[in-house]
Amino acid sequence: MEHAPTDSTVMLVAGARPNFMKIAPVQKALERAGFRTVLVHTGQHYDDQMSASFFRDLEIRQPDHHLGVGSASHAVQTARIMEAFERILLDTRPGWVLVPGDVNSTLACALVCAKLKEATGVRLAHLESGLRSHDWRMPEEVNRVLTDRCADLLLTPSRDAAANLSAEGIDATKVAFVGNVMIDTLLDRLPAARTRALPARLGLDAGRYVVATLHRPSNVDDESALRVCLGGLAAVAADLPVVLPLHPRTQKQVDSFGLGHLLDRLRITEPLGYIDMLSLTEGAAAAITDSGGVQEETTVLGVQCVTLREQTERPITVEEGTNQLAPWPLTVEGIYQTSRRAMKLGRVGVGTRSPDGWDGRASERAATAIRRAPQRS
Ligand code: UD1
């Protein structure tokens, strides 16, 4: 080995929007625990609203390295990240690399670590490990399963994750339950979100509107699926205003299928920053979404969520009674009726539902798990 890795250095990777709220509290907790951290931004997301605004809202310091990979096919994006990340890993020689979630940046960096493990001694920690949709058509499922296979330390967000990992033959001594770090961020930023009062600024009354998000390839890359989803939201909008911050992928597909007229009954906004989105979600009568993060955030906020997916890798949110899957295959009527039922259930308030470990201290437990991990053999 040319240079021994510095065990006290943790390199954190973030690339796409859902990563930023996960790494923010963990970077701070690692530094409080005495680690040196190095932040790598792959550049998978690059628009101000998809990236820089999260750095501002979450007070994340500027990345130490920015790979600037941008958008491309999955293969090209993954390959570009691998190529650039390998150089940084070889130059920096951290003891640990921590990758969050399930995006292409997660898997790309996990693969680099696996391939350089022998040569550099680097160890890989996967944050939000063990979630499974069991749907191999989802790019995120491929990313999750393969990242978990590469990881030396698997940090799980909910109790159900351990069983998924054990079913794949992963050694239980590598798995550490830490809880949900996204909820650390949510609880930390909630006072700021309340001050922001976005619903009032948009002229909406608390509890009298619906917030929606839509970006999964299975819902937006297929014209008829996208018609059904937008038709379902338009049906709900006949009863209450529906605010849809439009993801760039969805905007692109609406334009390419010529479906702009289906947005006419919705309140369309740009993608929102973290604090604005939290403010909007806390005040909503219900959320309608295909995002994983929104299913979790609504659980802790006590807001009913209708999920536009065939299955969820976050079954705990359904068990808590705050999340229901719209009937599959999706139909306009199914989305409408499920949303009506959700709104009748009403809001239960912040913290009424809080799964084990969704308590604001998960990042502290993640730092402890890294500190206590056995020395390299
Ligand atoms: C990615 C993640 C998904 C996550 C989502 C959150 C993968 C496989 N998917 O999906 O798990 O839920 O991020 O947003 O990693 N674009 C912009 N500006 C940006 C970023 C993207 O305009 O800052 C556009 C580009 O046209 C791009 C498209 O959005 O082609 C999709 O971006 P991409 O990163 O490929 O995937 P997402 O759909 O965002």
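For clarity, every value in this text was computed on a predicted model and none was experimentally measured.

(A) Quick peek at the site of the ligand. Around the ligand sit 21 residues, and of these Asn104, Glu140, His215, His247 and Arg249 come closest. Between the ligand and the protein, one listed contact pairs an oxygen atom with a side-chain N or O atom of histidine 215 at 2.8 Å. When the free accessible area of the ligand is taken as 750 Å², the share hidden by the protein chains comes to 89%. Broken down by secondary-structure element, the contributors of at least two residues to the shell around the ligand are helix 1 (17–32), helix 5 (139–150) and helix 11 (248–257). Here the residues of the shell around the ligand are counted per class, giving 6 nonpolar, 8 polar and 7 charged. Of the residues that make up the shell around the ligand, three or more belong to each of domain 1 (6–180 + 358–372) and domain 2 (187–345).

(B) Molecular detail of the pattern of salt bridges. Taken as a whole and assessed by the stated rule, the structure comprises 30 salt bridges. Residue arginine 340 is joined to aspartate 239 by a salt bridge in which the shortest nitrogen-to-oxygen separation is 3.8 Å. In this pair, arginine 340 sits in helix 15 (residues 332–345) while aspartate 239 sits in the loop between helix 10 (223–237) and strand 9 (242–245), placing the two residues 101 residues apart along the sequence. Classification of arginine 340 as partly exposed rests on a relative accessible area of 34%. For aspartate 239, a relative accessible area of 42% puts it in the partly exposed group.

(C) Quick look at the nonpolar core. Formed by 44 residues in total, the largest nonpolar core has its most connected members in Leu98 and Leu155. With 7 residues, the single largest contributor to this core is helix 1. Each of domain 1 (6–180 + 358–372) and domain 2 (187–345) gives at least three residues to this core. Residues within four places of leucine 155 in sequence aside, it is in contact with Leu98, Ala125, His126, Leu127, Glu128, Ser129, Ala176, Val178, Ala366 and Ala369.

(D) Here's a closer look at the packing of helix 10 against helix 15. Helix 15 packs onto helix 10 with a crossing angle of 45° between their chain directions and a minimal axis gap of 8 Å. With respect to each other, helix 10 and helix 15 are oriented oblique. As helix 10 packs across helix 15, the resulting crossing turns out to be right-handed. Every residue of helix 15 that contacts helix 10 at Val228, Cys229, Gly231, Gly232, Ala235 and Val236 is listed here: Val332, Ile335, Tyr336, Ser339 and Met343.

(E) Focus on helix 3 (residues 74–92). Relative to the 27 Å expected for 19 residues at 1.5 Å per residue, helix 3 spans 26 Å between its end C-alpha atoms, a close match to the ideal helical length. Taken together, the buried positions of helix 3 are occupied by Gln77, Thr78, Ile81, Ala84, Phe85, Ile88, Leu89 and Thr92. Tucked inside the fold, the buried residues of helix 3 contact strand 1 (6–14), strand 2 (36–41), strand 3 (65–66), strand 4 (94–100) and helix 4 (104–120). Phi turns positive one or two residues past the end of helix 3, at arginine 93, with a value near 55°.

(F) Spotlight on the packing of helix 4 against helix 5. Contact geometry for helix 4 and helix 5: axes closest at 9 Å, N-to-C directions at 25°. As far as their axial angle goes, helix 5 and helix 4 are roughly parallel. The handedness of the crossing between helix 4 and helix 5 is left-handed. Touching Asn104, Thr106, Leu107, Ala110, Leu111 and Ala114 of helix 4 are Asn143, Leu146, Thr147 and Cys150, all from helix 5. Taken together, the residues of the contact of helix 4 with helix 5 break down into 6 nonpolar, 4 polar and no charged.

(G) Highlighting the pairing of strand 4. The buried fraction of strand 4 amounts to 7 of the 7 residues, a majority that puts the element mostly inside the structure. Relative to strand 5 (residues 123–127), strand 4 runs parallel, the two sharing 5 bridges. Along strand 5, the bridge assignment pairs tryptophan 96 with arginine 123.

(H) Broad picture of the environment of threonine 307. Residue placement: threonine 307 occurs in strand 12 (residues 304–307). For threonine 307, a relative accessible area of 0% translates into the label buried. Linking threonine 307 and phenylalanine 55, residues 252 residues apart in sequence, is a C-alpha distance of 27 Å. Not counting the four nearest positions on each side in its chain, threonine 307 is found in contact with Thr289, Gln295, Asn323, Gln324, Leu325 and Ala326. Polar side-chain contacts of threonine 307 include one of 2.6 Å to the side chain of asparagine 323.

Thresholds applied
- Residues numbered from 1 in each chain as written.
- Predicted model: local features only at pLDDT ≥ 70, side-chain atom pairs only at ≥ 80, totals over all residues.
- Heavy atoms only, no water.
- Near = heavy atom within 4 Å.
- Polar contact = N/O pair within 3.5 Å; in protein donor to acceptor, adjacent residues only side chain to side chain.
- Areas by Shrake-Rupley, 256 points an atom, 1.4 Å probe, with all protein chains shown as cover.
- Helix = DSSP H or I, 4+ residues; strand = E, 2+ residues; numbered from the N terminus.
- Nonpolar A, V, L, I, M, F, W, Y, C, P; charged D, E, K, R; others polar.
- Domains from an automatic or database assignment.
- Salt bridge = Lys/Arg side-chain N within 4 Å of Asp/Glu carboxyl O.
- Buried < 20%, exposed > 50% of the residue type's maximum accessible area, 1.4 Å probe, protein only.
- Core = buried A, V, L, I, M, F, W, Y, C linked by side-chain atoms within 4.5 Å.
- Contact = heavy atoms within 4.5 Å.
- Axes fitted to C-alpha atoms, helices over the stretch in contact; angles between N-to-C directions.
- Parallel < 35°, antiparallel > 145°, perpendicular 65-115°, else oblique.
- Left-handed = near helix turned anticlockwise from the far one by under 90°.
- Expected span 1.5 Å × (residues − 1).
- Pairing = 2+ DSSP bridges.

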